Amino acid sequence: MSDQSLTTGSVSRAVLSVSAPMTLGILGVLSVGLADAYFLGRMGRTELAAVGYIYPVTVSVTSLSIGLAAGANAALSQSIGRGTPEDDTHRMALHALALGLVVGVSVGAALWLLQGRIFGLIGAAGPVTGEIADYVFWWAMSFPFLVLSMLASAVIMVVFGYFLFRRRILVPMEALVGGTKELTAGRFDTRLPPGPAN
């Protein structure tokens, strides 16, 4: 079986294998704006104009949740790599989720309260401001859930995934993406290196 280590072989291939899933995820988040533009454009020009003003602001704010998820991913990975006790790593994951909740609620509330100034600075005026207010209310209400979902995904991927693999509860990923033949033929080594001592 080919070596799946990220420390050997082609750098470009390693970067692509790690960044491709995240890229697809970000594209999925950003594609919501296109869906909004399509359906709201069928309602009228004012609604479509409102999305044109809202989209750059929501993308900028959504980048915050992406950054928080990436930061949590890095911090938790480093914690596991250092051999930090499981309880401390779990506590760090809970702190990341709590931070995400506080930031999500704060940013959502700030966007709702300051929407007049924010969208006024980019030229929104007239009837479109009413449509913006209606849309921003629901978007601001949902923003904490967006942040929590992205952070929860990062936590599950790093912390719980690692410990489940260590306890041999899950099938190794290689068996799902490229090692099926070796696994069925009995040539696939499912043993994992021992984790850090608790």
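Note that the structure is a prediction, hence the values are computed from the model and not measured. (Residues numbered from 1 in each chain as written. Predicted model: local features only at pLDDT ≥ 70, side-chain atom pairs only at ≥ 80, totals over all residues. Heavy atoms only, no water.)

Observations regarding helix α2 (residues 45-81)
- Given a rise of 1.5 Å per residue, 37 residues ought to cover 54 Å, and the 53 Å separating the end C-alpha atoms of α2 matches this to within 8%.
- At Ile 54, α2 shows its largest bend, some 35°, and a proline, Pro 56, comes one to four positions later.
- Where α2 terminates, the next one or two residues include Gly 83, which has phi positive at roughly 80°. (Helix = DSSP H or I, 4+ residues; strand = E, 2+ residues; numbered from the N terminus. Expected span 1.5 Å × (residues − 1). Bend = angle between axes of the 7 residues up to and from the residue.)

Quick look at the side chain of Ser 79
- Topologically, Ser 79 is positioned in helix α2.
- In this structure Ser 79 comes out as buried when scored by relative accessible area, which is 0%.
- Apart from residues no more than four positions distant in its own chain, Ser 79 is found in contact with Thr 84, Thr 89 and Met 92. (Buried < 20%, exposed > 50% of the residue type's maximum accessible area, 1.4 Å probe, protein only. Contact = heavy atoms within 4.5 Å.)

Structural notes on the pattern of salt bridges
- All told, the structure shown has one salt bridge when counted by the stated rule.
- Asp 88 is the partner of Arg 91 in a salt bridge, and the nearest nitrogen-oxygen pair spans 2.7 Å. Here Asp 88 and Arg 91 lie together in helix α3 (residues 86-113), a separation of three residues that amounts to about one turn.
- With a relative accessible area of 44%, Arg 91 lands in the partly exposed category. (Salt bridge = Lys/Arg side-chain N within 4 Å of Asp/Glu carboxyl O.)

Focus on the packing of helix α1 (residues 11-41) against α2
- Remark: α1 packs on α2, axes separated minimally by 10 Å, with the N-to-C direction vectors making an angle of 165°. In terms of their interaxial angle, α1 and α2 are classed as roughly antiparallel. Once α1 is placed against α2, the crossing between them reads as right-handed. Along its contact with α1, which presents Ile 26, Val 29, Leu 30, Gly 33, Asp 36, Ala 37, Leu 40 and Gly 41, the element α2 presents Glu 47, Leu 48, Val 51, Tyr 55, Val 59, Thr 62 and Ile 66.
- When the residues that make up the contact of α1 with α2 are grouped by side-chain class, the tally is ten nonpolar, three polar and two charged. (Axes fitted to C-alpha atoms, helices over the stretch in contact; angles between N-to-C directions. Parallel < 35°, antiparallel > 145°, perpendicular 65-115°, else oblique. Left-handed = near helix turned anticlockwise from the far one by under 90°. Nonpolar A, V, L, I, M, F, W, Y, C, P; charged D, E, K, R; others polar.)

Side note on the packing of aromatic side chains
- Applying the stated criterion across every chain, the model contains four aromatic pairs.
- With a centroid separation of 5.0 Å and an interplanar angle of 80°, the aromatic rings of Tyr 38 and Phe 39 are classed as edge-to-face.
- With a centroid separation of 5.0 Å and 75° between ring planes, the pair formed by Phe 137 and Trp 138 is classed as edge-to-face.
- Three or more aromatic residues joined by ring pairs form one cluster here, namely Trp 112, Phe 137 and Trp 138. (Phe/Tyr/Trp six-rings, centres within 6.5 Å; stacked < 30°, edge-to-face > 60°.)

Section: the side chain of Gln 115
- The residue Gln 115 is located in helix α4 (residues 115-121) in this model.
- Gln 115 gets classed as buried once you look at its relative accessible area, which sits at 12%.
- In this structure Gln 115 touches Gly 120, Ile 132, Ala 133 and Val 136, once residues within four positions along its chain are discounted.

Here's the deal with the nonpolar core
- Ile 54, Phe 119, Ile 132 and Val 136 are the most contacted members of the largest nonpolar core, which has 17 residues in total.
- Within the residue set of this core, elements represented by two or more residues are α2, α3 and α5 (128-166).
- Sort the elements by how many residues they give to this core and α5 lands first, with seven residues.
- The residues contacting Val 136, other than those within four sequence positions of it, are Ile 54, Leu 111, Trp 112, Gln 115 and Phe 119. (Core = buried A, V, L, I, M, F, W, Y, C linked by side-chain atoms within 4.5 Å.)

Overview of the environment of Leu 146
- Structurally, Leu 146 can be placed in helix α5.
- Through-space distance from the C-alpha of Leu 146 to that of Thr 62 is 8.3 Å; in sequence the pair is 84 residues apart.
- Those residues in contact with Leu 146, other than ones at most four positions away along the chain, are Thr 62 and Ser 65.

Looking at the packing of α2 against α3
- α3 packs onto α2 with a crossing angle of 170° between their chain directions and a minimal axis gap of 10 Å. Comparing the axis directions of α2 and α3 gives the class roughly antiparallel. The segment α2 lies against α3, with Val 57, Val 61, Leu 64, Leu 68, Ala 72, Ala 75, Leu 76, Ser 79 and Ile 80 engaging Thr 89, Met 92, Ala 93, Ala 96, Leu 99, Val 103, Val 107 and Leu 111.
- Class assignment of the residues belonging to the contact of α2 with α3 gives a composition of 15 nonpolar, two polar and no charged.

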